[in-house]
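Letter by letter, the chains look like this.
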Amino acid sequence: GINTDHTSIVDDKGEVAPSQIINRNNSQAENEIIFRSLAPATGQNTYALQKNMPAGQENGVSVARMDNGDYRIESDHYRVDIDPSAGGVIKHLIAKKLGNKDFVDPRDSRKFNEIRGYFTAEERFISSTEQPATVEIFENGPVRALVEVSGKIASTPFTQTIAIMQDEARIDLGIRIHWEKDT
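Draft legend 1. Up close: the packing of aromatic side chains. Across all of its chains, the model carries three aromatic pairs by this definition. Centroid distance Tyr118 to Phe125: 5.3 Å. Interplanar angle 75°. Geometry classified as edge-to-face. Look at Tyr118 and you get partly exposed, because its relative accessible area is 41%. Taken together, a centroid distance of 6.2 Å and an interplanar angle of 45° make the contact between Phe119 and Trp179 tilted.

If you want it as structure tokens, here you go:
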């Protein structure tokens, strides 16, 4: 396993790269390390795992639970606020490098990241906002933040993942709907 207190990633110039240890299954034997690799467009760079020195850390992406129960993921590019009480919808998606533009319209009757569909057995449209969701933090920076939102649409469970990396103008989203019956 990787000793999280005394390991860092070093490039071929001896510079420490920001890195993050990810512990899988609460087992040091299953640790992973992620870091931001920089290389010229047509070139390469060499990195080494260096023991007996602290991991390279800098201000980076992070996740926090807010006083109102929402969760906030924040990086150099984005601020994303997730509302578990409304089924895990995104209340704010602010692009910092676009003049703090918020891509969520609070006046819209449909919520950002809402799951909605017509359920024939219930004979109506049902939304994920009708039931609260839970948010679990799996990774908390400084290189990557990853949360999992678990909720239900009608009686059907779903799991969403939201991942944001520092220095990346990209948000990775995933969804798995656990259909048990025809709707």
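Draft legend 2. Looking closely at a nonpolar patch on the surface. The grouping of Leu98, Phe103 and Phe112 at the surface amounts to a nonpolar patch, some 300 Å² of accessible area in total. Structurally, Phe112 can be placed in the loop between strand S10 (101-102) and strand S11 (116-119). Residue class for Phe112 comes out partly exposed when judged on its relative accessible area of 34%.

Draft legend 3. Representation of the pattern of salt bridges. By the definition in use, this model includes eleven salt bridges. In this structure, Asp172 engages Arg170 in a salt bridge whose closest nitrogen and oxygen atoms are separated by 3.0 Å. Taken together, the shared-partner salt bridges connect Arg72, Arg79 and Asp81 into one network.

Draft legend 4. Here's a closer look at the environment of His92. By the secondary structure assignment, His92 is in strand S9 (residues 89-95). Along the primary structure His92 and Val80 are separated by twelve residues, whereas in three dimensions their C-alpha atoms are 5.5 Å apart. His92 has contacts with Arg79, Val80, Asp81, Asp102 and Val104, leaving out every residue within four places of it along the chain. At 2.6 Å, the side chain of His92 and the side chain of Asp102 are in polar contact.

Draft legend 5. Layout of the nonpolar core. Judged by nonpolar contacts, the single largest core of 18 residues is most densely connected at Ile73, Val80, Ile82, Val147 and Ile162. With six residues, the next largest nonpolar core counts Ile115, Ile153, Ala154 and Phe158 among its residues.

Draft legend 6. Summary view of the side chain of His77. Relative to the assigned elements, His77 resides in the loop between strand S7 (71-74) and strand S8 (78-83). Using a relative accessible area of 16% as the deciding quantity, one classes His77 as buried. Setting aside residues no more than four positions away along its own chain, His77 makes contact with Ile94, Ala95, Lys96, Lys97, Asp167, Glu168 and Ala169.

Cut-offs applied
Residues numbered from 1 in each chain as written. Predicted model: local features only at pLDDT ≥ 70, side-chain atom pairs only at ≥ 80, totals over all residues. Heavy atoms only, no water. Phe/Tyr/Trp six-rings, centres within 6.5 Å; stacked < 30°, edge-to-face > 60°. Buried < 20%, exposed > 50% of the residue type's maximum accessible area, 1.4 Å probe, protein only. Patch = residues over 30% accessible without salt bridge, like charges linked within 9 Å, V, L, I, M, F, W, Y side chains within 5 Å. Areas by Shrake-Rupley, 256 points an atom, 1.4 Å probe, with all protein chains shown as cover. Salt bridge = Lys/Arg side-chain N within 4 Å of Asp/Glu carboxyl O. Helix = DSSP H or I, 4+ residues; strand = E, 2+ residues; numbered from the N terminus. Contact = heavy atoms within 4.5 Å. Polar contact = N/O pair within 3.5 Å; in protein donor to acceptor, adjacent residues only side chain to side chain. Core = buried A, V, L, I, M, F, W, Y, C linked by side-chain atoms within 4.5 Å.

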